[in-house]
Amino acid sequence: MFRSVLILGAVLALGGCAANAGETRSGASEAAANGPGKGKGYSHDPFPSTYHPYPGAPTLVTNVTVFDGEGGRIDNGSVLFRDGKIVEVGQNIAAGDGVTVIDGRGKYLTPGVIDVHSHLGDYPSPGVEALSDGNEMTSPVTPEVWAEHSVWPQDPGFGRALVNGGVTTLQILPGSANLFGGRSVTVKNVYARTMQGMKFPGAPYGLKMACGENPKRVYGSKGRIPSTRMGNVAVDRQTWARAVEYKRRWDKYEEKGGEAPARDLAMDTLRGVLEGEILVHNHCYRADEMAVVMDMAKEFGYHVTAFHHAVEAYKIADLLKANDTCAAVWADWYGFKMEAYDAVPENLAILEKEGACAMIHSDDGNGIQRLNQEVAKARASAIKSGLAISEEAAWRWLAINPAKALGIADKTGSLRPGKMADVVLWNGNPFSVYTRPQMVWVDGALLYDAANPRLRPVSDFELGQPGEGDVK
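Reading the values: the criteria
Numbering of residues begins from 1 in every chain and follows the order in which that chain's sequence is written. Local features in this predicted model are restricted to residues whose pLDDT is 70 or higher, and side-chain atom pairs enter the listing and the counts only when it is 80 or higher, whereas totals over whole chains, interfaces and linings include all residues. The basis for the side-chain values is all heavy atoms of the structure; hydrogens and waters are excluded. Throughout, disulfides are identified as pairs of cysteine sulfur atoms within 2.5 Å of each other. Only DSSP runs of H or I covering at least 4 residues are called helices, and only runs of E covering at least 2 are called strands; the numbering of each starts at the N terminus. Burial classes follow relative accessibility: with a 1.4 Å probe on protein chains only, a residue under 20% of its type's maximum area counts as buried, one over 50% as exposed, and anything between as partly exposed. Strand pairing is assigned whenever DSSP identifies at least 2 bridges connecting the two strands. Between N-to-C directions, angles cover 0 to 180 degrees, with each direction set by a line fitted to C-alpha atoms, over the stretch in contact for helices. Contact criterion: two residues are considered in contact whenever any of their non-hydrogen atoms come within 4.5 Å of each other. Here a polar contact is recorded for every N or O atom pair within 3.5 Å, except that within protein the pair must consist of a potential hydrogen donor and a potential acceptor, and residues adjacent in sequence are included only if both atoms are side-chain atoms. Think of a nonpolar core as a cluster: buried Ala, Val, Leu, Ile, Met, Phe, Trp, Tyr and Cys residues, connected wherever their side-chain atoms sit within 4.5 Å. Every helix has an expected span of 1.5 Å times one less than the residues it contains. Stacked, tilted and edge-to-face are the three classes assigned to paired rings of Phe, Tyr and Trp, where Trp is represented by its six-membered ring and a pair needs centres within 6.5 Å; plane angles under 30 degrees give stacked, over 60 edge-to-face, the rest tilted. Distance and angle both matter: a charge sits over a ring if NZ of Lys or CZ of Arg is within 6 Å of the ring centre and within 35 degrees of the ring normal. Handedness of a crossover is defined as follows: orient the strands so they point away from the viewer, and if the path from the first strand over the helix to the second runs clockwise, the crossover is right-handed.

Lay out the state of the cysteines with the relevant residues and their values.
The term disulfide refers to a covalent linkage connecting the sulfur atoms of a pair of cysteines. Evaluated as defined, the whole model comprises 2 disulfides. Note on cysteine connectivity: Cys211 is disulfide-linked to Cys284, with sulfurs 2.0 Å apart. Here Cys211 is found in the loop between strand S9 (205-210) and helix H3 (213-220), whereas its partner Cys284 is found in strand S10 (residues 278-284), with 73 residues between them in sequence. For the pair Cys211 and Cys284, a shared accessibility class is recorded, and that class is buried. Linked covalently through their sulfurs, Cys326 and Cys357 form a disulfide whose S-S length is 2.2 Å. With the S-S bond torsion at 85°, the cross-link from Cys326 to Cys357 turns out right-handed. Note that Cys326 is positioned in strand S12 (residues 326-329) and Cys357 in the loop between helix H8 (347-353) and strand S13 (358-360), a separation of 31 residues in sequence.

Have a look at this one:
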């Protein structure tokens, strides 16, 4: 990923690197003890997070317009954070001794942007075949693969997302060639030499699934199932039936002991979904297919956390709300294939008005740098159509809603006391095309300052290359 942005001296640089690269303990957890006992059949966390926040200073940002990430707004507001956590949000907050005070007059302060759908690290820059590690296109069912095992921490895209887009947290997913694409991983957007040094502590895994054109095109072209949408659903259902039986055998073993069933890494992931510890993120465009998937989830006893891309989500906002399923969408990407044809630019606004959980997402190394502008476009389309969405309400699409979909809303996604101090100071209204992040903090550590060239992240891979650390 990018070099430590805390290079203020050799000692600090080395200290920050060690704190985030995971050398302080083993990269593997001890295997769980054999049953009986719930969850004791095998380790559910063999690649644990070794993330530790960079050191920060107690900071008070004053005289700013605050979007709290949950739909609240404070004009002439202030936010105080220390020890990596938000301490107080309001007006006229006393700084206290040892607090760095930043006068943000005329500027805006928000929670860090959260992208629920990224492939950074798995499809890094430069975009060459040697680094293309996001799609295991060898079988339509590959839940045994984990996106984190392809993540390249030196991807320059991480730094670009931080400094151009204010992105502090992102979910990295496998691609959508397969019906079951594999596990996703949620990471903090910080420098680390290892994937585990980036992993968001305590964040649940996701399972990437896909429906529609991609799986049937990839595998139909090879003369094998699925080659149709009905083939997609048939393979899904057969796989879930296997997973239910696998879970039954392991539950029995962990309850009563005896001889352990044979391990199946693919089924381990699906058992985790059936247990509720792994969240389903399903690539799906058409309303009719999303409805079928939600019924299939009921059949086998799992829950769809979010549909991604969801171009036709506006047609079934009521069903999404009733099923407590979020929709991650674009502002105006559509028409690049048939299932992406029937789009409306009011998609996000309609979902919001109907009370469904909605959010923006990128699925793109450039788009992740401008998610604030994508929300601005979606909000403008809403207003033009008579759907009044306030600026502070729209920021929920970048903050608390994706945090909910990732299972981390208790830790980040809004400026609430006790939450992680993932904070962005924008140099103007963040819905303006002319506005950029001025400062970005992750867990209270200042990782980017537009006024300080030494606080601009540079990937190790970029060192000595033309345009290293370029920000545009």
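Requested: an account of the sheet that holds strand S11 (residues 304-309), with residues and values cited.
Strand order in the open sheet formed by 8 strands is S6-S7-S8-S9-S10-S11-S12-S13, and the pairing between neighbours is mixed. Looking along the sheet, the strands with just one partner apiece sit at the ends: strand S6 (113-118) and S13. Ignoring which end each strand starts from, the neighbouring axes of this sheet average 25° apart. In the sheet, strand S8 (residues 180-188) pairs with S9 via 4 bridges, with the strands oriented antiparallel. When the sheet's bridge partners are listed, Gly182 is paired in S9 with Lys208. Against the sheet, helix H2 (residues 156-165) makes contact with S6 and strand S7 (167-172), and its axis sits at roughly 140° relative to S7, the strand it touches most.

How would you summarise the side chain of Asn178 if you had to cite specific residues and measurements?
Tracing the backbone through its elements, the reader meets Asn178 in the loop between S7 and S8. Only 2.5 Å separates the side chain of Asn178 from the side chain of Tyr219, close enough to count as a polar contact. Among residues more than four places away in sequence, those in contact with Asn178 are Glu136, Met137, Ser139, Pro140, Thr142, Ala210, Pro215 and Tyr219.

Now, about the nonpolar core: what can you tell me, with residues and values included?
Membership of the largest hydrophobic core comes to 89 residues, with the highest contact counts inside it found for Leu207, Trp240, Tyr302, Phe307 and Leu320. Top element by residues in this core is helix H6 (residues 287-300). It accounts for 7 residues. Residues contacting Phe307, with those up to four places away along its chain left out, are Asn282, Cys284, Met290, Val293, Met294, Leu320, Thr325, Cys326, Ala327 and Ala328. Listed in part, the 14 residues of the second largest apolar core include Leu109, Leu415, Ala421 and Leu425.

Can you explain the side chain of Thr110? Please cite residues and give values.
By the element assignment, Thr110 lies in strand S5 (residues 108-111). Thr110 gets classed as buried once you look at its relative accessible area, which sits at 0%. Among the polar contacts made by the side chain of Thr110, one reaches the side chain of Trp426 at a distance of 2.9 Å. Not counting residues up to four positions away in its chain, the partners in contact with Thr110 are Phe67, Trp395, Leu415, Asp422, Val423, Val424 and Trp426.

So what's going on with H6? Residues and values would help.
Taking 1.5 Å per residue, 14 residues should reach 20 Å; H6 reaches 20 Å between its end C-alpha atoms and fits that length. On the buried face of H6, the contacting elements are helix H4 (229-256), helix H5 (265-275), S10, S11 and helix H7 (317-322). Following H6 by one or two positions, Gly301 has its phi on the positive side, about 85°.

Quick rundown of the packing of aromatic side chains? Include the residues and the values.
Applying the stated rule across the entire model yields 18 aromatic pairs. With centroids separated by 6.2 Å and ring planes inclined at 45°, the aromatic side chains of Tyr285 and Trp330 adopt a geometry described as tilted. Taken as a pair, Tyr285 in the loop between S10 and H6 and Trp330 in the loop between S12 and H8 lie far apart in primary sequence, 45 residues in all. Tyr285 sits in the buried class, given a relative accessible area of 3%. Residue placement shows Arg183 over the ring face of Tyr205; its charged tip is 5.0 Å from the ring centre.

Lay out the pairing of S7 with the relevant residues and their values.
Taken across its 6 residues, S7 has 6 buried, putting it largely inside the fold. Here S6 pairs with S7 via 4 bridges, running parallel. Note that in S7 the partner of Asp115 across the bridge is Leu170. Regarding the hand of the β-α-β motif, the stretch spanning S6, H2 and S7 is right-handed. The pairing of S7 with S8 spans 4 bridges and is antiparallel. Directly across from Ile172, in S8, lies its bridge partner Val185.

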